[in-house]
Each structure stands twice: as C-alpha cells, then as structure tokens.
Amino acid sequence: MTGCWGHFKTILKHKWYVFIECCKMGIPLRGLTHDLSKFSPAEFIPSARYFQGNRSPIEAERETVGYSRAWLNHKSKNKHHWQYWLDNGGTDKNGAVKWTPVPMPDKYIKEMYCDMVGAAKAYGGVTSAKGYYLSKRSGWLVHPETKDKFERMLGLSDSR
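This one's a predicted model, so the numbers in the text were calculated from it and none came from an experiment.

**Student:** Looking at this structure, I do not really get the overall build of the chain. What am I missing?
**Tutor:** For the chain, the count of helices and strands is eight helices and two strands. Here the C-alpha atoms of the chain give a radius of gyration of 16 Å, agreeing with the 15 Å that 2.2 N^0.38 yields for 160 residues. The principal-axis extent of the C-alpha atoms belonging to the chain is close to 45 × 45 × 25 Å. Each of the 160 residues in the chain was classed as buried or not, and the buried ones make up 38%. Taking all contacts inside the chain whose residues are at least 6 apart in sequence as the whole, residues at least 24 apart take part in 52%. Carbon together with sulfur atoms contributes 55% to the accessible area of the chain, which is approximately 9200 Å² in total. Taken together, the 25 basic and 15 acidic charged side chains of the chain have centroids lying 3 Å from each other.

Written out as structure tokens, the structure is:
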C-alpha cells in the first residue's frame, strides 16, 4: 500500500506546483487538467507498483519490463509532452521510421515549462526548470520553433 499512497501523494504534489506555475503563465485551466491521466488505471497501477519514493517509477518499470506502459499511455494523452508532437514522416531508404517533429501550440509549450518547474520542485534532485531541461534534453526531437520558444522561456537563448 505504500507504493499506492506514496505515488498518489507525489502526483498531487507535482500537480500543485504545476498549477501554481500555470496560474502565473495565465493558463490556470491547463494547470487544473494537467496530468489527469496519471489517475487512470493504465498509468496509476503500474506507477504505484514500481513506486520507490526516490526516483521515477517509469524508470523502474523500464528497467524491469524493458519499457513503461504508464509512459506510453501518458505521452499519448498529454499534449504538453514533446513526444506527443512527433509524426511518422515515412521511412528512409533502409525502411527505418523517420519521425518528424511538428510545432507545439504555445499553450502546451507553456504547460511543458510549468511541468518542468513542478517536476523540479516535486521530484527533487534538480532545483529549476532550466536544470531539469538541461539534464533531460538529450535525445529531444522537437520542432526548431518549439525548441526556440521553450529555450527562451528557460532563459537559454536571446529573446526576440
């Protein structure tokens, strides 16, 4: 039961911090509806099962199973994740899928920023959205326009 209760409290803590940031960004409704899919059985059950309290249950599930069912559901239901905005752009000459990033609408870029602030505060280890992004950005496949807007929000590039 510790995993279930601990995971539930962690979700609420994260959602609270995201809501505060979304209000500051002028998108309070995005803050209220942020990550509601985490309460669905598809995400909650495996995440509670792999909850340890000191790291992401998604990573623990990946280590055990080889992938995360919770993450596969989460990224397909939540438009504030850059992975949601990847389109299958066909295949290359070797038959490999070419993923094509498409621009994210501004409200989801803002929510992605708020999500990183909330993650940095709720999950510990990293103290800012900027630090969280810098620790996770390897492998990001985002549209250049989205990347530019997001990095300006983080203070990583010049404002235009």
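**Student:** What should I look at first to understand the layout of surface pockets in this one?
**Tutor:** Leftover empty space is mapped by rolling, across the atoms, a probe with the size of a water molecule. One number sums up the size of the largest pocket: a volume of about 1100 Å³. Taken together, 37 residues make up the lining of the largest pocket; nearest its centre are Ser56, Ile58, Tyr123, Tyr132 and Lys136. Contributions of two or more residues to the lining of the largest pocket are made by α1 (2-25), α3 (41-49), α4 (57-65), α5 (69-77), α6 (106-123) and α7 (129-136). For the lining of the largest pocket, the element with the most residues is α6, which contributes six residues. The residue inventory of the lining of the largest pocket, partitioned by class, reads 15 nonpolar, 13 polar and nine charged.

**Student:** Sorry if this is basic, but what is going on with the pairing of strand β2 (residues 97-101) here?
**Tutor:** On a regular strand, each side chain points to the face opposite its neighbour's, so the side chains alternate between the two faces of the sheet. As paired elements, strand β1 (residues 86-91) and β2 share four bridges and run antiparallel to each other. Residue pairing across strands places Thr91 opposite Val97, the latter belonging to β2.

**Student:** Just checking my understanding: could you explain the pattern of salt bridges for this structure?
**Tutor:** Close approach of charged atoms lets side chains of opposite charge pair. For the structure shown, the criterion picks out 10 salt bridges. Across the pair Lys121 and Glu21 runs a salt bridge, and its minimum N-O distance is 3.6 Å. Of the two residues, Lys121 sits in helix α6 while Glu21 sits in helix α1, which places them 100 residues apart along the sequence. Between Lys149 and Asp106 there is a salt bridge whose closest N-O contact spans 2.7 Å. Taken together, the positions of Lys149 in helix α8 (residues 144-154) and Asp106 in helix α6 put the pair 43 residues apart, joining distant regions of the chain. Given a relative accessible area of 25%, Lys149 falls into the partly exposed group. Each of Glu21, Lys24 and Lys121 takes part in one network of salt bridges that share partners.

The rules we used
- One numbering rule holds for all chains: residues counted from 1, following each sequence as written.
- Per-residue local features of the predicted model are confined to residues with pLDDT of at least 70, and side-chain atom pairs are confined, for both listing and counting, to 80 or more; whole-chain, interface and lining totals are unaffected and use all residues.
- Values reported for side chains reflect all heavy atoms of the structure, with hydrogen atoms and water molecules removed beforehand.
- Counting from the N terminus, the helices are DSSP H or I runs at least four residues long and the strands are E runs at least two residues long.
- Values of the radius of gyration come from C-alpha atoms, whereas the globule rule sets the reference at 2.2 Å times the count of residues to the power 0.38.
- For the exposure calls, accessible area comes from a 1.4 Å probe over protein chains only, and a residue counts as buried if that area is under 20% of its type's maximum, exposed if over 50%, partly exposed in between.
- Residues count as neighbours in contact if any of their non-hydrogen atoms are within 4.5 Å of one another.
- For accessible areas, the Shrake-Rupley method is used with a probe of radius 1.4 Å. Any residue's cover is judged against the shown protein chains and nothing else.
- Two residue types count as positive, namely Lys and Arg, and two as negative, namely Asp and Glu; His and chain ends fall outside the count.
- For charged residues, the charge sits on one atom: NZ in Lys, CZ in Arg, CG in Asp, CD in Glu.
- The method works on a 1 Å grid over the protein atoms by themselves. A cavity is a set of points holding a 1.4 Å probe that cannot get out, a pocket is an open set with protein on both sides within 12 Å along at least five of seven lines, and residues with an atom within 4 Å of a point line them.
- Grid points are joined across faces, edges and corners, and a volume is the space filled by probe spheres set on the points.
- Charged residues are taken to be Asp, Glu, Lys and Arg, nonpolar residues to be Ala, Val, Leu, Ile, Met, Phe, Trp, Tyr, Cys and Pro, and polar residues to be all remaining types, Gly included.
- Any two strands with at least two DSSP bridges between them are considered paired.
- Any Lys or Arg side-chain nitrogen found within 4 Å of a carboxyl oxygen on Asp or Glu counts as a salt bridge.

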